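Reading the structure
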Amino acid sequence: MNLGIIGAGHMAQAVGWLAVKAGHRVMASNSRGPRSLLGLREALGCEVGSISEAAAFGDVVFAAIPLQAYRAIPAASLAGKVVLNPQNYFPHFGRIPELENGELTTAELLARHLPRSHVVKALNSILVEDVVPDARPGGAADRRALPIAGDNGEAKQAAIGFLNEIGYDAVDAGPLAEGWRFERRRPVYCVPLDKAMLAQRRGCHDAGCGHAGRALALSDGHSWLTSSAMRRPRQWSKAIAQ
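Calculation notes
The residue numbers shown here count from 1 along each chain, following its written sequence. Per-residue local features of the predicted model are confined to residues with pLDDT of at least 70, and side-chain atom pairs are confined, for both listing and counting, to 80 or more; whole-chain, interface and lining totals are unaffected and use all residues. In computing side-chain values, all of the structure's heavy atoms are included and hydrogens and water are not. Going along the chain from the N terminus, every DSSP run of H or I of four or more residues is numbered as a helix, and every run of E of two or more is numbered as a strand. With a 1.4 Å probe rolled over the protein chains alone, any residue whose accessible area is under 20% of its type maximum counts as buried; one over 50% counts as exposed, and the rest are partly exposed. Note on contacts: a residue pair is in contact if any heavy atoms of the two residues lie within 4.5 Å. Only the protein chains shown count as cover for residues, and the accessible areas themselves come from Shrake-Rupley with a 1.4 Å probe. A side-chain nitrogen of Lys or Arg and a carboxyl oxygen of Asp or Glu constitute a salt bridge if their distance falls within 4 Å. Paired strands, in this sense, are two strands between which DSSP finds at least two bridges. The axes used here are C-alpha line fits, helices contributing only the stretch in contact, and every angle between their N-to-C directions lies in the interval 0 to 180 degrees. Summary of the metric used: pLDDT quantifies the predictor's per-residue confidence within the range 0 to 100. Handedness is read with the strands pointing away from the viewer; a crossover is right-handed when the path from the first strand over the helix to the second is clockwise. Residues belong to one nonpolar core when they are buried, are Ala, Val, Leu, Ile, Met, Phe, Trp, Tyr or Cys, and are joined through side-chain atoms within 4.5 Å. Each residue after the first adds 1.5 Å to the expected span of a helix. This arc corresponds to the set of directions leading from the helix axis out to the C-beta atoms.

A few words now on the overall build of the protein. A tally of helices and strands in the protein yields 10 helices and 8 strands. Among the 242 residues that make up the protein, the fraction classed as buried is 53%. Across the protein, contacts joining residues at least 24 apart in sequence account for 68% of those joining residues at least 6 apart. Accessible surface computed for the protein: about 10500 Å², of which carbon and sulfur atoms make up 53%.

Have a look at this one:
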């Protein structure tokens, strides 16, 4: 499979490295152009290109740029393609009214921008520091599961298959409208769980369910991600360097 990656930050690098190790062809991109990515090409063993080239290259495209920059994702090039959406909403980068009031989830916002694509919410509920070290082969007793959501069954199966190939089980949380259940401030957000436990806990177990819960999950405030969990050494970068 060809994986196009829009973005070249830590999450893009971690997922790209796992994808290359799994035997996929990968093209990374960023807004500065491929000449700025020559070091990444050597480090990951991937191809590099412009954002438009990566979008055209990928059978599946990983949109690993800040949510507030979603308009930079080229809609025409992604028509008919599966687009993995790992983006979370952090209001200090810029407020988005539809997310503040719970009108849309983050993935629904991207899907509105990409009406001819098949957006799947995936890989947003794991710390970037954990992406490489937590990957496990199929059947491993300690294999971690990640939640996904989407409106197209075939696209979700493609996402589940990709996650399996890079080292993760997956639990289908339903349509894109349910993606808020594993975003910020939700019980399963960035919590390492196996498939059975994630399936049990992915629902809403507190008073903030429904429309109000969506707004709470996406609204501003101090997240637990400011804790020491976010300040752990980036073990994945050491693995990539090896």
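Turning our attention to the pattern of salt bridges. Counting across every chain of the model gives 10 salt bridges. Its salt-bridge partner being Arg-144, residue Asp-134 comes within 2.7 Å of it at the nearest N-O pair. Remark: Arg-144 occurs in the loop between helix H6 (128-131) and strand E7 (145-150) and Asp-134 occurs in the loop between H6 and E7; sequence separation between them is 10 residues. In this structure Arg-144 comes out as buried when scored by relative accessible area, which is 4%. A salt bridge links Arg-181 to Glu-178; its shortest N-O distance comes to 2.4 Å. Through salt bridges with shared partners, a single network forms among Asp-130, Asp-134 and Arg-144.

With that settled, consider the pairing of strand E5 (residues 82-85). Covered by surrounding structure in E5 are Val-82 and Leu-84 together with Val-83 and Asn-85, the residues of both alternating faces. Of the pairings in the sheet, the one linking strand E4 (residues 60-63) to E5 comprises 3 bridges and is parallel in character. Paired with Val-61 across the two strands is Val-83, which belongs to E5. Alignment of E5 against strand E6 (residues 118-121), held across 4 bridges, turns out to be parallel. Residue Asn-85 lies in a different strand from E6, and its bridge partner there is Lys-121.

Turning our eyes to something else, we now look at the sheet that holds strand E8 (residues 169-172). Judged by pairing direction, the sheet is mixed, and its 8 strands sit side by side in the order E3-E2-E1-E4-E5-E6-E7-E8 without closing on themselves. Sheet topology places strand E3 (47-49) and E8 at the edges, where each strand pairs with a single neighbour. In this sheet, adjacent strand axes meet at a mean angle of 30 degrees when their direction is disregarded. Bridge count for strand E1 (residues 2-6) against E4 is 4 bridges, and the pairing is parallel. Opposite Ile-6, over in E4, you have Ala-63 as the bridge partner. Here helix H5 (residues 106-113) sits on the sheet in contact with E5 and E6, set at roughly 165 degrees to E6. Across the face of the sheet, helix H7 (residues 153-166) comes into contact with E1, E5, E6, E7 and E8 while running at roughly 160 degrees to E7.

Residues of the protein with pLDDT of at least 70 account for 83%, and the chain-wide mean is 87. For residues 204-213, every residue scores under 50 in pLDDT, and the model assigns this stretch 16 contacts once sequence neighbours within four places are set aside.

What follows covers the pairing of strand E2 (residues 25-29). For E2, the buried fraction is high: 4 of the 5 residues fall into the buried class. Sheet topology note: the E1/E2 ladder contains 5 bridges and is parallel. Bridge pairing links Ile-5 to Ala-28 in E2. In the classification by handedness, the crossover that spans E1, the intervening helix H1 (residues 10-21) and the parallel E2 is right-handed. Two strands pair when backbone bridges link them, and E2 and E3 are joined in this way by 3 bridges, in the parallel orientation.

With 39 residues, the main nonpolar core has Leu-3, Leu-18, Phe-62, Leu-84, Val-120, Leu-163 and Tyr-168 as its most contacted residues. Among residues more than four places away in sequence, those in contact with Val-120 are Val-82, Val-83, Leu-84, Asn-85, Ile-148, Ala-149, Ala-155, Lys-156, Ala-159 and Leu-176.

A word on unusual backbone geometry. Phi is positive for Arg-185, which is not a glycine, with a value near 70 degrees. Tracing the chain through its elements places Arg-185 in the loop between E8 and helix H8 (195-201).

Along the primary structure Asp-134 and Pro-192 are separated by 58 residues, whereas in three dimensions their C-alpha atoms are 8.8 Å apart. Here Asp-134 is in contact with Arg-144, Gly-167 and Tyr-168, once residues within four sequence places are set aside.

To continue, consider H7. With 14 residues, H7 ought to run about 20 Å at 1.5 Å a step, and its terminal C-alpha atoms sit 20 Å apart, in line with that. The complete set of buried residues in H7 reads Ala-155, Lys-156, Ala-159, Phe-162, Leu-163 and Ile-166. Looking down the long axis of H7, one finds its buried residues gathered within 120 degrees of arc, a one-sided arrangement. Of the exposed residues in H7, those oriented more than 90 degrees away from the buried face are Glu-154 and Gln-157. Its buried side turned inward, H7 meets E1, H1, E5, E6, E7 and E8.

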